[in-house]
Amino acid sequence: MNKRLYSPARIREIQEKWGFRFQKSLGQNFLIDGNIVRAIADSAEVGEGDVILEIGAGIGTLTEELALRGAKVFCVEIDEHLKPILDETLGAYEDVEIFYKDVLKTDLKKELTSRFGDHKIKVVANLPYYVTTPILVHLFDSDLPLESVHVMVQKEMASRMAAKAGTKAYGSISVFLQMRAEVSVALAVPRTCFMPQPNVDSAVLALTNFKTDHGENLKRAEAVVRAAFSKRRKTVANALSTYGFAIEKDQILQALAETGIEPNRRAEAITVEEYRILAKNFPKVEK
Ligand code: SAM
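> Sorry, what's going on with the sheet that holds strand β7 (residues 182-189) here?
Strand pairing in a sheet relies on backbone hydrogen bonds, with the paired strands running either antiparallel or parallel. In space, the seven strands of this open sheet follow the order β4-β3-β2-β5-β6-β9-β7, with mixed pairing throughout. For this open sheet the edge positions go to β4 (96-100) and β7, each flanked by a neighbour on one side alone. Pairs of neighbouring strands in the sheet enclose a mean axial angle of 20 degrees, with direction left out of account. Pairing between strand β6 (residues 146-154) and strand β9 (residues 202-208): six bridges, direction antiparallel. Paired with Val151 across the bridge in β9 is Leu205. The sheet contacts of helix α7 (residues 155-162) involve β6, β7 and β9, and relative to β6 the element is tilted by about 135 degrees.

> So what exactly am I meant to see when it comes to the site of the ligand here?
Taken together, 22 residues lie around the ligand, and Gly56, Glu77, Asp102, Asn126 and Tyr130 are the ones closest in. In this structure, Glu54 approaches the ligand through a side-chain N or O atom, which is 3.4 Å from a nitrogen atom. One of the side-chain N or O atoms of Tyr130 is found 2.8 Å from a nitrogen atom in the ligand. Protein contacts shield 99% of the accessible area of the ligand, which totals 590 Å² for the unbound molecule. The set of elements that each furnish at least two residues to the shell around the ligand consists of β1 (30-31) and β3 (72-77). When its residues are assigned to classes, the shell around the ligand shows eleven nonpolar, six polar and five charged.

> What's the story with the environment of Ile98 in this structure? I'm lost.
Within the secondary structure, Ile98 is located in strand β4. A relative accessible area of 18% means that Ile98 is categorised as buried. Residues Ile98 and Lys83, spaced 15 residues apart in sequence, show a C-alpha to C-alpha distance of 8.5 Å. If we skip the residues at most four places from it in the chain, Ile98 touches Ala57, Thr63, Cys75, Glu77, Leu86 and Leu90.

> Any chance you could explain unusual backbone geometry here in plain terms?
When glycine is set aside, most residues are seen to have a negative phi, and most peptide bonds are trans. Residue Pro196 is bonded to the preceding Met195 through a cis peptide linkage, with omega at -10 degrees. By the element assignment, Pro196 lies in the loop between β8 (194-195) and β9. In this structure, Asp143 takes a positive phi of about 55 degrees despite not being glycine. Its location among the elements puts Asp143 in the loop between α6 (132-141) and β6. Relative accessible area serves as the criterion here: at 53%, Asp143 is assigned to the exposed category. Although it is not a glycine, Asn209 sits at a positive phi angle of roughly 50 degrees. Among the secondary structure elements, Asn209 is positioned in the loop between β9 and α9 (217-229).

> Just to check I follow, could you spell out the packing of aromatic side chains for this structure?
Two measures describe an aromatic ring pair: the distance that separates the ring centres and the angle between the ring planes. Going through the model one piece at a time under the given rule, you end up with nine aromatic pairs. Centroid distance Phe245 to Phe282: 5.3 Å. Interplanar angle 65 degrees. Geometry classified as edge-to-face. Here Phe245, found in the loop between α10 (236-241) and α11 (249-259), pairs with Phe282, found in the segment after α12 (272-281); they are 37 residues apart in sequence, far enough to count as distant. According to the relative accessible area criterion, Phe282 is buried, its value standing at 3%. Through successive ring pairs, a cluster of aromatic residues spans Phe20, Phe22 and Phe30.

Criteria and thresholds
Residues numbered from 1 in each chain as written. Predicted model: local features only at pLDDT ≥ 70, side-chain atom pairs only at ≥ 80, totals over all residues. Heavy atoms only, no water. Pairing = 2+ DSSP bridges. Helix = DSSP H or I, 4+ residues; strand = E, 2+ residues; numbered from the N terminus. Axes fitted to C-alpha atoms, helices over the stretch in contact; angles between N-to-C directions. Contact = heavy atoms within 4.5 Å. Near = heavy atom within 4 Å. Polar contact = N/O pair within 3.5 Å; in protein donor to acceptor, adjacent residues only side chain to side chain. Areas by Shrake-Rupley, 256 points an atom, 1.4 Å probe, with all protein chains shown as cover. Nonpolar A, V, L, I, M, F, W, Y, C, P; charged D, E, K, R; others polar. Buried < 20%, exposed > 50% of the residue type's maximum accessible area, 1.4 Å probe, protein only. Phe/Tyr/Trp six-rings, centres within 6.5 Å; stacked < 30°, edge-to-face > 60°.

Treat this as a map of the structure, not an account of what it does.
So this is what it looks like as structure tokens:
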């Protein structure tokens with residue numbers, strides 16, 4: 001093993017050797033702090049035998065840490081310019097595979113199942129920020145046997161995703177995620193831990209204890225949540241009844257009453273659990 005990859009000197013050396021330039025448009029801000037790299041792997045409790053899906057290898061900094069802990073890593077990286085670099089930096093790790101493709105265009109279920117069967121998957125990644133939300137949506141839509149997700153995102157985004165009802169940061173994204181898993185901020189990461197330095201701070205978001213008992217309710221719940229938050233200043237009864245669902249206001253009031261939600265409450269005051277029950281009580285509608 002050479003010098004570890006999170007040293008800024010090593011990154012510069014690699015850049016010079018391969019003529020590599022950071023592509024801002026691909027969210028290429030690489031980790032340069034070994035303590036943070038280890039803390040991410042610690043927070044995901046990465047160990048021998050784990051199967052990890054990583055998104056965005058960069059020069060392999062986080063990937064190497066995961067491999068050193070005995071995990072099998074399948075990493076999807078969009079930038080083929082990184083191939084000769086990654087062949088060199090990670091070539092010695094037998095249990096690492098870099099798959100060069102846009103993760104959003106990758107059939108994750110197919111790729112992971114063909115390699116690891118139905119083994120539980122931990123997602124560990126320093127995400128490219130321009131596609132954080134689409135990547136999370138793609139992960140969920142892929143129907144993977146997720147054990148946990150630990151991903152670096154913008155600090156403000158992490159706060160919104162983990163926010164509780166009644167706070168300013170609480171919104172539809174908080175509810176979408178918290179309906180599926182327990183969501184918390186595992187680690188704050190200052191901008192100085194990256195090269196090049198981004199102009200925002202970051203945080204590692206942790207999603208654990210995935211709930212699998214949604215049945216058909218999840219899509220309906222998402223529609224109800226979207227509608228409720230579509231007019232944050234209005235009461236929930238008003239927001240839901242003017243959203244355009246093909247149902248009568250009375251039916252909405254009845255669903256709210258059955259759930260025990262006063263019609264004059266606002267979207268941001270309603271808890272995730274209440275949204276879950278409201279979705280069950282809500283008339284079946286398409287929108
Ligand atoms: N893991 C490395 C680290 O921590 O130093 C790099 C993280 S960097 C924030 C994000 C990485 O994601 C970059 O290597 C970038 O090329 C890659 N990337 C950007 N968009 C992608 C996409 N749509 N699919 C797969 N990888 C992508």
